[in-house]
Amino acid sequence: MPTAAKLVASIAFALLAYFTSELVKPLLDEGTSTKWFSEGNALIGLIAGWRIMGPRGGQGLRAGIGIGLTTSVAMTAVAIFLYACIEMLKLSLRKTYKGPMEAVAAVFEISIDNALVIADPTIIGTLAIGGIFCGLLSNWAGRQWR
């Protein structure tokens with residue numbers, strides 16, 4: 001069921017993901033394709049805001065902060081894992097791996113490498129402060145328009 005909290009949370013987290021993606025682009029290796037990077041992450045943020053934060057909007061100040069941070073972390077984890085899977089598929093099409101287990105293990109190695117790239121204080125701060133702000137905004141919308 002659509003609610004104001006879900007709508008506000010999905011838009012807020014999509015904007016947070018897009019803005020953070022623009023901050024991440026300069027940290028990526030040169031030659032990395034970023035054609036749909038920001039838009040793809042905005043879609044992940046939209047879904048995370050709708051599914052994680054949205055249903056819990058309007059539960060109070062502490063809940064808004066906590067769930068906003070949780071949504072921000074979940075959004076980031078899904079994006080890291082998704083891009084690691086895409087990279088593994090690209091490498092597997094080039095016959096880089098000897099078997100499926102090696103390819104699955106590579107997803108986790110690539111995920112760790114990607115997480116280390118974005119372990120920048122600016123990125124972490126943006127996600128933390130932005131997650132808190134988006135959580136409070138969704139909480140406000142949930143209380144305002146019940």
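None of these values were measured; they are calculated from a predicted model.

Rules used in this analysis
Residues numbered from 1 in each chain as written. Predicted model: local features only at pLDDT ≥ 70, side-chain atom pairs only at ≥ 80, totals over all residues. Heavy atoms only, no water. Helix = DSSP H or I, 4+ residues; strand = E, 2+ residues; numbered from the N terminus. Buried < 20%, exposed > 50% of the residue type's maximum accessible area, 1.4 Å probe, protein only. Contact = heavy atoms within 4.5 Å. Areas by Shrake-Rupley, 256 points an atom, 1.4 Å probe, with all protein chains shown as cover. Lys, Arg positive; Asp, Glu negative; His and termini not counted. Charge placed at Lys NZ, Arg CZ, Asp CG, Glu CD. Core = buried A, V, L, I, M, F, W, Y, C linked by side-chain atoms within 4.5 Å. Phe/Tyr/Trp six-rings, centres within 6.5 Å; stacked < 30°, edge-to-face > 60°. Salt bridge = Lys/Arg side-chain N within 4 Å of Asp/Glu carboxyl O. 1 Å grid on protein atoms, 1.4 Å probe; cavity = no way out; pocket = protein on both sides within 12 Å on 5 of 7 lines; lining within 4 Å. Points joined across faces, edges and corners; volume = space filled by probe spheres on them. Nonpolar A, V, L, I, M, F, W, Y, C, P; charged D, E, K, R; others polar.

**Q** Quick one: what's the story with the overall build of the protein chain, residue by residue and with numbers?
**A** Helices and strands together make up the secondary structure of the protein chain, namely 5 helices and 0 strands. Mapped from its N terminus to its C terminus, the protein chain presents α and β elements in the order α-α-α-α-α. Projected onto its principal axes, the C-alpha coordinates of the protein chain cover approximately 55 × 30 × 25 Å. The buried share of the protein chain, reckoned over its 146 residues, is 38%. Residue pairs in contact within the protein chain that sit at least 24 positions apart in sequence constitute 76% of those at least 6 positions apart. Working note: accessible area of the protein chain is about 8900 Å², and carbon and sulfur atoms make up 69% of it. With 12 positive and 9 negative side-chain charges, the protein chain shows a separation of 16 Å between the mean positions of the two kinds.

**Q** Give a description of the nonpolar core that names residues and reports values.
**A** Residues Phe13 and Met75 are the most contacted members of the largest nonpolar core, which totals 18 residues. For this core, the elements supplying multiple residues, two or more each, are α1 (4-24), α2 (37-53), α3 (61-93) and α5 (121-144). If you tally residues by element for this core, the top one is α1, at 6 residues. Setting aside chain neighbours within four positions, we find Met75 in contact with Phe13, Leu16, Ala17, Ile44, Gly45, Ala48 and Leu127.

**Q** Help me get a handle on the packing of aromatic side chains, residues and values and all.
**A** Evaluated as defined, the whole model comprises 3 aromatic pairs. With a centroid separation of 5.3 Å and 45 degrees between ring planes, the pair formed by Phe37 and Tyr83 is classed as tilted. Placement of Phe37 in helix α2 and of Tyr83 in helix α3 is noted, with a sequence separation of 46 residues between them. Look at Tyr83 and you get partly exposed, because its relative accessible area is 23%. Taking the centre distance of 5.2 Å and the plane angle of 75 degrees together, the rings of Trp140 and Trp145 count as edge-to-face.

**Q** Explain the pattern of salt bridges residue by residue, including any values.
**A** Per the counting criterion, the structure on display carries 1 salt bridge. With a closest N to O distance of 3.1 Å, Glu22 and Lys25 form a salt bridge. Under the relative-accessibility criterion, Lys25 is labelled partly exposed at 26%.

**Q** Please give an account of the layout of surface pockets that cites residues and values.
**A** Estimated volume of the largest pocket: approximately 890 Å³. Lining the largest pocket are 31 residues, and of these Leu28, Thr32, Phe37, Tyr83 and Asn114 lie nearest its centre. Ranked by residue count, the leading element in the lining of the largest pocket is α3, at 9 residues. Grouping the constituent residues of the lining of the largest pocket by class yields 17 nonpolar, 9 polar and 5 charged.

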